[in-house]
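In case you want the letters, here they are:
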Amino acid sequence: MKRTYVVQLIVDAVIIFLAMCNYMFPSVTMESPNMVFFLMMGTYAGLELCEYIFDNKRKEPLYIFAASATAAFAGIFLRTYEPNFVLSLAIVTWLLMIAIIKIISLEDIYENMTHLFLIKLTSMSILVLIGLLVSINIYYRISTINHMLAFMYLTYGTLEFGCDFLTYLSENVKFLKE
C-alpha cells in the first residue's frame, strides 16, 4: 500500500475517532459548542495539511485544508454571536467549499473509472444532504448540538474512509474498473 493511501486512511480514522469522542463526552460540547466545532475543524485542517505534505502531487488536501481553516478561523471571529447561528452558517459554508473541491477532483476520475466516479459522487451528495440537515437542525434546536456535530463528523469520516479505501482498491481489483 502506498504511503498516500495510508495517510488518507489515518486522517479519516482520526476524524471518526474525534466524532466518537464527541458522542462520548456530550457535556464538553454543550459548554462551548463553537469552540469544540472550530477546534475539530482546526484539527482536521492540520491533518489535511499533513496529508498534502506527504503527497505534493494531489492538490485536493491543500484545498480542503484552506476550506477547513477558513471555517475554523470564522468561528474565532464570530464567537460573540449565538452558537446556533454561527455553527449553522459555518457548516453550510464549509460544505459548499468541500462540495466544490470534490466536484473539481471528480473530473479526472470520470475519464478512467466510472464506477468509482459514481461512488464518489453519491458519497458527496450524501455528505451535502446530511450537512444541510444538520445545519438546519442546529439552527433551530441548539439542545442537540453535540449529537448533530458528532453525526456530521462520523458521516464525513466514514464516507471519506470508504471512498479512500475504494480508490486504493480501484488500482488492484477489476470490480471498480471498466
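Notes on the structure in this doc start here. (Residues numbered from 1 in each chain as written. Predicted model: local features only at pLDDT ≥ 70, side-chain atom pairs only at ≥ 80, totals over all residues. Heavy atoms only, no water.)

**A closer look at the overall build of the protein**
Consideration 1: Within the protein, the regular secondary structure consists of seven helices and zero strands.
Consideration 2: Secondary structure of the protein in N-to-C order comes out as α-α-α-α-α-α-α.
Consideration 3: The globule rule puts the C-alpha radius of gyration for 178 residues at 16 Å, and the 16 Å found for the protein is close to it.
Consideration 4: Dimensions along the principal axes, computed over C-alpha positions, put the protein at roughly 50 × 30 × 30 Å.
Consideration 5: The burial tally for the protein puts 44% of its 178 residues in the buried class.
Consideration 6: The contacts in the protein between residues at least 6 apart in sequence include a share of 77% that link residues at least 24 apart. (Helix = DSSP H or I, 4+ residues; strand = E, 2+ residues; numbered from the N terminus. Rg over C-alpha atoms; globule rule 2.2 N^0.38 Å. Buried < 20%, exposed > 50% of the residue type's maximum accessible area, 1.4 Å probe, protein only. Contact = heavy atoms within 4.5 Å.)

**Regarding the nonpolar core**
Consideration 1: Within the largest apolar cluster, 33 residues are counted, with the highest numbers of intra-cluster contacts made by F37, I91, W94, I138, Y153 and Y156.
Consideration 2: Those elements that provide at least two residues to this core are α1 (3-24), α3 (33-54), α4 (60-77), α5 (83-112), α6 (114-140) and α7 (145-170).
Consideration 3: Looking at this core, the element that brings in the most residues is α5, giving eight residues.
Consideration 4: In this structure, W94 is in contact with M41, Y44, A67, S68, A71, M152 and Y156, ignoring residues within four places of it in sequence. (Core = buried A, V, L, I, M, F, W, Y, C linked by side-chain atoms within 4.5 Å.)

**Points about the state of the cysteines**
A covalent bond between the sulfur atoms of two cysteines is referred to as a disulfide.
Consideration 1: Within the structure shown, the criterion is met by zero disulfides.
Consideration 2: Cysteine C50 remains unbridged, with the sulfur of C21 as its closest cysteine sulfur at 19 Å. (Disulfide = S-S within 2.5 Å.)

**Side note on the packing of aromatic side chains**
Consideration 1: Scanning the model with the defined rule gives seven aromatic pairs in all.
Consideration 2: Measuring from ring centre to ring centre gives 6.4 Å for F165 and Y168, while their planes differ by 45 degrees; the resulting arrangement is tilted. Residue F165 and its partner Y168 are both found in helix α7; the two are separated by three residues, about one turn of the helix.
Consideration 3: A relative accessible area of 36% means that F165 is categorised as partly exposed.
Consideration 4: Members of the aromatic cluster, connected to one another through ring pairs, are Y5, F165 and Y168. (Phe/Tyr/Trp six-rings, centres within 6.5 Å; stacked < 30°, edge-to-face > 60°.)

**Digging into the packing of α6 against α7**
Consideration 1: Look at α6 against α7: their axes get within 10 Å of each other, and the N-to-C directions meet at 175 degrees. Judged by the inter-axis angle, α6 sits roughly antiparallel to α7. On α7, the residues touching L116, I119, K120, S123, I126, L127, I130, V134, N137 and I138 of α6 are I145, M148, L149, F151, M152, T155, Y156, L159, C163, L166, T167 and S170.
Consideration 2: Residues belonging to the contact of α6 with α7 are distributed by class as follows: 16 nonpolar, five polar and one charged. (Axes fitted to C-alpha atoms, helices over the stretch in contact; angles between N-to-C directions. Parallel < 35°, antiparallel > 145°, perpendicular 65-115°, else oblique. Nonpolar A, V, L, I, M, F, W, Y, C, P; charged D, E, K, R; others polar.)

**Here's the deal with the pattern of salt bridges**
A side chain with one charge may pair with a side chain of the opposite charge, provided their charged atoms come close.
Consideration 1: Counted under the stated rule, the structure contains five salt bridges.
Consideration 2: Note that R58 is salt-bridged to E51, the shortest N-O span being 3.2 Å.
Consideration 3: Given a relative accessible area of 5%, E51 falls into the buried group.
Consideration 4: Between K102 and E60 there is a salt bridge; the shortest N-O distance is 2.9 Å. Residue K102 is located in helix α5, and its partner E60 is located in helix α4; the two are separated by 42 residues in the primary sequence.
Consideration 5: For K102, a relative accessible area of 12% corresponds to the buried category. (Salt bridge = Lys/Arg side-chain N within 4 Å of Asp/Glu carboxyl O.)

**A few points about α6**
Consideration 1: In a regular helix each residue adds 1.5 Å, so 27 residues correspond to 39 Å; α6 covers 39 Å between its end C-alpha atoms and thus fits that length.
Consideration 2: Looking only at α6, the buried set comprises L116, F117, K120, S123, M124, L127, I130, G131, V134, S135 and I138. (Expected span 1.5 Å × (residues − 1).)

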